Amino acid sequence: PEIIQIQLLAVKKCANDSSPYVRKCAANAIPKIYKMSPDQKEPLEQIVEKLLRDSSCMVLGSAVAAFAEVCPDKWDIMHRAYRKLCHLLADVDEWAQITILSVLTRYLRTQFVDPAPAVRDALKAQAQQRSAAGAQAAPKKVKRRIVKKAFYSDEEDESQEEEFEVK
């Protein structure tokens, strides 16, 4: 119990450090502290919120991972960082990209509604009609020319035409 308070103070101090490596380590420590002491959720959420405002790509990946672990449904923290995460997605490392994409996918599904559900239904019906019409159409006959020639040959090309059906 006492060690958790000391660790929490250390993570708060590291989250304010000037080095992005130290801030990244602070973000990596947050889920571990949360697993040991889930009752420290509020101070950890504040640190995660601060780390999500960071400008370093190195820190953002770990901060989003900490967000996913500690407060995965607290979207008011994510609102402010959404655009920055979208813009910096290509700049973070591969593992962070996976984490950020999964968090942003969940965020989008909960925060954005379908702007035109009627349009989506109309497009789906139109696609079904096209696929049904394509299945009923007669197969087309296509001609192609086949050239038989050896790679190092001095002889002239032998060619013939072949006809086949495309379904």
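Because the structure is predicted, anything quoted here is derived from the model rather than measured.

1. Describing the overall build of the protein
Phase 1 of the analysis: When helices and strands are tallied, the protein shows 7 helices and 2 strands.
Phase 2 of the analysis: Burial statistics for the protein: of 167 residues in total, 27% are counted as buried.
Phase 3 of the analysis: Contacts spanning at least 24 positions in sequence make up 57% of the contacts within the protein whose residues lie at least 6 apart.

2. Some details on the packing of aromatic side chains
Two descriptors summarise a pair of aromatic rings, namely the distance from one centre to the other and the angle between the planes of the rings.
Phase 1 of the analysis: One pass over the structure, following the stated rule, counts 5 aromatic pairs.
Phase 2 of the analysis: Ring geometry for Tyr 107 versus Phe 112: centroids 6.3 Å apart, planes at 80°, classification edge-to-face.
Phase 3 of the analysis: A relative accessible area of 5% means that Tyr 107 is categorised as buried.
Phase 4 of the analysis: In textbook terms, an aromatic cluster arises when at least three aromatic residues are bridged by ring pairs, as seen for Phe 67, Trp 75, Tyr 82, Tyr 107 and Phe 112.

3. Digging into the nonpolar core
Phase 1 of the analysis: Of all hydrophobic cores here, the largest spans 35 residues; its most connected members are Ile 30, Leu 51, Leu 52, Phe 67, Met 78 and Leu 85.
Phase 2 of the analysis: Taken together, the elements giving at least two residues each to this core come down to helix H1 (2–15), helix H2 (20–36), helix H3 (41–52), helix H4 (57–70), helix H5 (75–88) and helix H6 (94–111).
Phase 3 of the analysis: Element by element, the count of residues in this core is highest for H4, at 7 residues.
Phase 4 of the analysis: Sequence-distant contacts of Met 78, that is, excluding residues within four places in its chain, are made with Leu 52, Phe 67, Leu 85, Val 103 and Tyr 107.

4. Quick look at H6
Phase 1 of the analysis: The end-to-end C-alpha separation of H6 is 25 Å, in line with the 26 Å expected for 18 residues at 1.5 Å each.
Phase 2 of the analysis: Ala 96, Ile 100, Val 103, Leu 104 and Tyr 107 are the residues of H6 that are buried. Buried residues along H6 cover an arc of 100° about the axis, so they all sit on one side. With respect to the buried face of H6, the exposed residues turned more than 90 degrees away are Glu 94, Trp 95, Ile 98 and Arg 109.
Phase 3 of the analysis: Buried positions along H6 lie against H4 and H5.

5. Points about the packing of H2 against H4
Phase 1 of the analysis: Running from N to C, H2 and H4 cross one another at 10°; their axes reach a closest spacing of 8 Å. Considered as vectors, H2 and H4 are oriented roughly parallel to each other. Each of Pro 20, Tyr 21, Arg 23, Lys 24, Ala 27, Asn 28, Ile 30, Pro 31, Tyr 34 and Lys 35 in H2 lies in contact with H4, whose residues at this interface are Met 58, Val 59, Ser 62, Ala 63, Ala 66, Glu 69 and Val 70.
Phase 2 of the analysis: Tallied by class, residues from the contact of H2 with H4 come to 11 nonpolar, 2 polar and 4 charged.

The rules we used
- Residues numbered from 1 in each chain as written.
- Predicted model: local features only at pLDDT ≥ 70, side-chain atom pairs only at ≥ 80, totals over all residues.
- Heavy atoms only, no water.
- Helix = DSSP H or I, 4+ residues; strand = E, 2+ residues; numbered from the N terminus.
- Buried < 20%, exposed > 50% of the residue type's maximum accessible area, 1.4 Å probe, protein only.
- Contact = heavy atoms within 4.5 Å.
- Phe/Tyr/Trp six-rings, centres within 6.5 Å; stacked < 30°, edge-to-face > 60°.
- Core = buried A, V, L, I, M, F, W, Y, C linked by side-chain atoms within 4.5 Å.
- Expected span 1.5 Å × (residues − 1).
- Arc of directions from axis to C-beta.
- Axes fitted to C-alpha atoms, helices over the stretch in contact; angles between N-to-C directions.
- Parallel < 35°, antiparallel > 145°, perpendicular 65-115°, else oblique.
- Nonpolar A, V, L, I, M, F, W, Y, C, P; charged D, E, K, R; others polar.

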